[in-house]
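# Fold and contact review
The primary structure of each chain is shown beneath.
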Amino acid sequence: MENRTDKNSYTVIFAIGMVIVVGVILAGLFGYTKPMITQNEEIEKQQNILYAMGVNENDETSAVFVSTDVAPEEFGKNITEQIVITVDSSGKILKTQTREEYVAEYNKEPYLIDVKKQQAKAKRGEPRQLPLFVGNKDGKTFYVAPIYGKGLWDAIWGYIAMDENMVVQGAYFDHKGETPGLGANIKQRYFMDDFYGEHLLTEAGVFKGITVAKGNADPKNEDKTDNEVDAIAGATITGDGVTAMIKKDLRLYLPYFETLKGN
Amino acid sequence: MGKDSKLILDPLTDNNPITIQVLGICSALAITAELEASIVMSISVLFVLGIGNVVISLMRNIIPSKIRIIVQLIVVATLVIIVDLVLKAFAYELSKTLSVFVGLIITNCIIMGRFEAFALGNGPYRSFLDGIGNALGYGVILIIVGFFRELLGSGTLLGIPVLGDPIEKTGLYAIGYENNGFMLLSPMALIVVGIIIWVQRSRNKALIED
């Protein structure tokens, strides 16, 4: 006797039923968890920005954020201004907005600007918004900028804190799906800490970026003006991605930093 | 009792999913460069395979045989996505550590292999034991490979330096020892797995195929 589960009609009905059941479960769960996930992601962005400017709870070896319940408060306290610089496709500054002006126009906090979408806009030749977070800690001013790029498997991003001469004062990197143990190590202290003190400009003031370099003969990273940090073994493509996003995204901030010097 | 305990113990040794069944090799290569990732992956697979086997086993009499592979794939993908969403909402930090593994779990052939080979023909309790056993057998190999790759490749275990500091030249490095960067690359995982297979088969000749 033929098994009833072998019938075509049964197969089709089962498939439809399964799609409906799974669809309802996943859609329901997604709708239920979405507000919580959004909030978690916003807090994470604040933690990332704070981390880059040195507001964190790092112990000796590992990177630790300020805890999630104090992050919004710390963010309000340490980030004194959120500037949004709008540049055209040639990199010329069109306008510079304060947080209040930006929120009034777009009804969105500048730190929630999606760098990926802004990159896509620039690609289409439209003006691009560059958020810059000005922080103050122990009397020192930090300028934190977000960067976004591609690793080996998926997106990588980060926040770079700089002083007014574009010397790195702290870096945070994260990734969506780099290989654990290799590319995923860009979010390890030993890699991120190497960026501290590195110059983004040459001595002549030309933007050069920072290259994640293999065999740069400076594994202790003592030379801070060589525009290079030591790469992670086995993570060449992720390292190249870090180099590329620093070069592409931070270059656009140079005109703004030049106006700072003018004052 | 003897039969049930075999379900747990066999995959640990003579029916190991990686070294004997040769399933799950891809993730064994991909994420064993450090011990911590191996452990996290082992626990994740333990969870998904244990529950997935029970779900498939409960559905075994109503799954149409023509589309059973697709049904299995949907079950495992749904389970993984549910876990991912719940973690993102309630344990965000943990979810970030695990996000890398989500894709690797869905495509892990051990999971599909056990659904197909065991859960479709056995009751939920025995399927659960089979899932746990195979996940443990998988985990053991992952952890062994992760241990040697991290130790010889980076000179650390769970991120803690155990052989001294390679840059300051202390510990073993003071007498000229160097980390073997090769160990961090995927092919070396295959070689470590190969050595495990060699050891295992030389101890138990019955495992050698003609």
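Scroll up to find the structure.
As the structure is a computational prediction, the values presented were derived from the model and not from experiment.

## Digging into the overall build of chain B
If you tally the helices and strands in chain B, you get eight helices and two strands. Scanning chain B from its N terminus toward the C terminus, one meets helices and strands in the order α-α-α-α-α-α-α-β-β-α. Its C-alpha atoms give chain B principal-axis dimensions of roughly 65 × 50 × 30 Å. In chain B, the proportion of contacts linking residues at least 24 apart, taken out of those at least 6 apart, comes to 76%.

## A word on the interface of chain A and chain B
On the chain B side, the residues contacting the 28 residues of chain A number 28 residues. For the side of chain A that touches chain B, a count of residues per class yields 16 nonpolar, eight polar and four charged.

## Focus: the packing of helix H7 (residues 124-154) of chain B against helix H8 (residues 186-203) of chain B
Residue and element names in this part refer to chain B. One can describe the packing of H7 onto H8 by two numbers: an axis separation of 10 Å at closest approach and a directional angle of 120°. With respect to each other, H7 and H8 are oriented oblique. Pair H7 / H8 crosses with right-handed handedness. On H8, the residues touching Ile-141, Ile-144, Val-145, Phe-148 and Arg-149 of H7 are Met-188, Ala-189, Val-192, Val-193 and Ile-196. Per-class residue counts for the contact of H7 with H8 are nine nonpolar, no polar and one charged.

## Describing helix H6 (residues 109-117) of chain B
Residue and element names in this part refer to chain B. All of the buried residues along H6 are Ile-110, Ile-111, Arg-114 and Phe-115. Projected down its long axis, H6 shows its buried positions confined to an angular sector of 135°, all on one face. Lining the buried residues of H6 we find helix H3 (35-59), helix H4 (68-90) and H7.

About the cut-offs
- Residues numbered from 1 in each chain as written.
- Chains lettered and ligands numbered in written order.
- Predicted model: local features only at pLDDT ≥ 70, side-chain atom pairs only at ≥ 80, totals over all residues.
- Helix = DSSP H or I, 4+ residues; strand = E, 2+ residues; numbered from the N terminus.
- Contact = placed C-beta atoms within 7 Å.
- Nonpolar A, V, L, I, M, F, W, Y, C, P; charged D, E, K, R; others polar.
- Axes fitted to C-alpha atoms, helices over the stretch in contact; angles between N-to-C directions.
- Parallel < 35°, antiparallel > 145°, perpendicular 65-115°, else oblique.
- Left-handed = near helix turned anticlockwise from the far one by under 90°.
- Buried ≥ 20, exposed ≤ 12 C-beta atoms within 10 Å, placed from the backbone.
- Arc of directions from axis to C-beta.

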